[in-house]
Amino acid sequence: MSSYLLTKEVAETAVRIVKPSILNAMEIGLLKRRDLHIVVLDPVVDYVDGSLLPAIYEFSFGNPIKWEHRFDTIARAKALVTWRTGLPTHLVQQSFPYLLQGRDTPLWGSVNLEGIIVAASGVQPWFDEMISYQVAAACRALCISKMQTETLPDDQIFLK
């Protein structure tokens, strides 16, 4: 079972919407590097075994072969902590560290925006979190837009 509205295409569009903001932050030197990985989870998949595969969508900035760290693995680990706890990883790290399990990452930079879990890794954790919120907010808006235009009868579409 997978989300009807939050699809790979929606997540990809959300990242494309946010990408200019990320590139601008990289260009002006706000972000400490140009390497970044983003993971978007399917909100209805039950990751029972602790596996994040398949995520709905993943996107990398920079060349993963040349990365200083495995930002893709780290982003997936952040997403797993948020999926399991329902909390952004900064809250887990700073306020609820007792929720961490054996092999969990203590790093932060993932969010749960009303059930949409996104994680980023590669830059400062507060900017990883900002980027995660931007992508999650874009996913949410795109899903609402899709619901308004595709699933409601024409006479019930409010914002067409």
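In the block above lies the structure referred to throughout.
Residues numbered from 1 in each chain as written. Predicted model: local features only at pLDDT ≥ 70, side-chain atom pairs only at ≥ 80, totals over all residues. Heavy atoms only, no water.

Chemist: Would you mind showing me how to read the layout of surface pockets here?
Modeler: The probe, sized like a water molecule, is rolled over the atoms to show the empty space still left. Taken as a whole, the largest pocket holds about 190 Å³ of empty space. Contributing elements (two or more residues each) for the lining of the largest pocket: helix H2 (71–85) and helix H4 (125–151). The dominant element in the lining of the largest pocket, judged by the number of residues it contributes, is H2, at 3 residues. Residue composition of the lining of the largest pocket, grouped by class: 6 nonpolar, 4 polar and 4 charged. (1 Å grid on protein atoms, 1.4 Å probe; cavity = no way out; pocket = protein on both sides within 12 Å on 5 of 7 lines; lining within 4 Å. Points joined across faces, edges and corners; volume = space filled by probe spheres on them. Helix = DSSP H or I, 4+ residues; strand = E, 2+ residues; numbered from the N terminus. Nonpolar A, V, L, I, M, F, W, Y, C, P; charged D, E, K, R; others polar.)

Chemist: Any chance you could explain unusual backbone geometry here in plain terms?
Modeler: With glycine set apart, most residues show a phi of negative sign, and most peptide bonds adopt trans. Of note in the backbone geometry, Glu114 takes a positive phi value of approximately 50 degrees without being a glycine. Mapping Glu114 onto the fold places it in the loop between strand E3 (110–113) and strand E4 (116–121). The class of Glu114 is exposed, set by a relative accessible area of 63%. (Buried < 20%, exposed > 50% of the residue type's maximum accessible area, 1.4 Å probe, protein only.)

Chemist: Looking at this structure, I do not really get the environment of Ala119. What am I missing?
Modeler: Mapped onto the elements of the fold, Ala119 is located in strand E4. The class for Ala119 is buried, based on a relative accessible area of 0%. Measuring from C-alpha to C-alpha, the distance between Ala119 and Asp72 comes to 9.7 Å, with 47 residues separating the pair along the chain. Leaving out residues up to four positions away in the same chain, Ala119 has contacts with His37, Ile38, Val39, Ala75, Lys78, Ala79, Gly109, Ser110 and Ser132. (Contact = heavy atoms within 4.5 Å.)

Chemist: Before we go on, may I ask you to explain the sheet that holds strand E2 (residues 57–61) in this structure?
Modeler: Strand pairing in a sheet relies on backbone hydrogen bonds, with the paired strands running either antiparallel or parallel. Here 4 strands make up an open sheet; going across it, the order is E2-E1-E4-E3 and the pairing antiparallel. For this open sheet the edge positions go to E2 and E3, each flanked by a neighbour on one side alone. Pairwise comparison of adjacent strand axes, ignoring direction, gives a mean angle of 15 degrees for this sheet. Alignment of E3 against E4, held across 4 bridges, turns out to be antiparallel. In the strand pairing of E4, Asn112 is matched with Ile117. Here helix H1 (residues 8–27) sits on the sheet and contacts strand E1 (36–40) and E2; the angle it forms with E2, its principal contact strand, is near 20 degrees. Contacts from H2 reach E1, E2, E3 and E4 within the one sheet, and its direction differs from that of E4 by about 150 degrees. (Pairing = 2+ DSSP bridges. Axes fitted to C-alpha atoms, helices over the stretch in contact; angles between N-to-C directions.)

Chemist: Sorry if this is basic, but what is going on with the pattern of salt bridges here?
Modeler: Where charged atoms of side chains with opposite charge meet at close range, the side chains can pair. Following the criterion strictly, the structure yields 8 salt bridges and no others. Across the salt bridge formed by Arg34 and Glu27, the nearest N and O atoms sit 3.2 Å from each other. Classification of Arg34 as partly exposed rests on a relative accessible area of 46%. Look at Glu27 and you get exposed, because its relative accessible area is 56%. Asp104 is the partner of Arg84 in a salt bridge, and the nearest nitrogen-oxygen pair spans 2.6 Å. (Salt bridge = Lys/Arg side-chain N within 4 Å of Asp/Glu carboxyl O.)

Chemist: Would you take a moment to explain the side chain of Asp72 for this structure?
Modeler: Of note, Asp72 is situated in helix H2. Those residues in contact with Asp72 that sit more than four places away from it in its chain are His37 and Trp67.

Chemist: For this particular structure, what's the right way to read the pairing of E1?
Modeler: Across a regular strand the side chains alternate sides, sitting on one face of the sheet and then on the other. The buried fraction of E1 amounts to 5 of the 5 residues, a majority that puts the element mostly inside the structure. A two-sided burial pattern is seen for E1, the buried positions comprising Leu36, Ile38 and Val40 on one face and His37 and Val39 on the other. Where E1 meets E4, 4 bridges bridge the pair, whose relative direction is antiparallel. Within the sheet, the bridge partner assigned to Val40 lies in E4 and is Val118.

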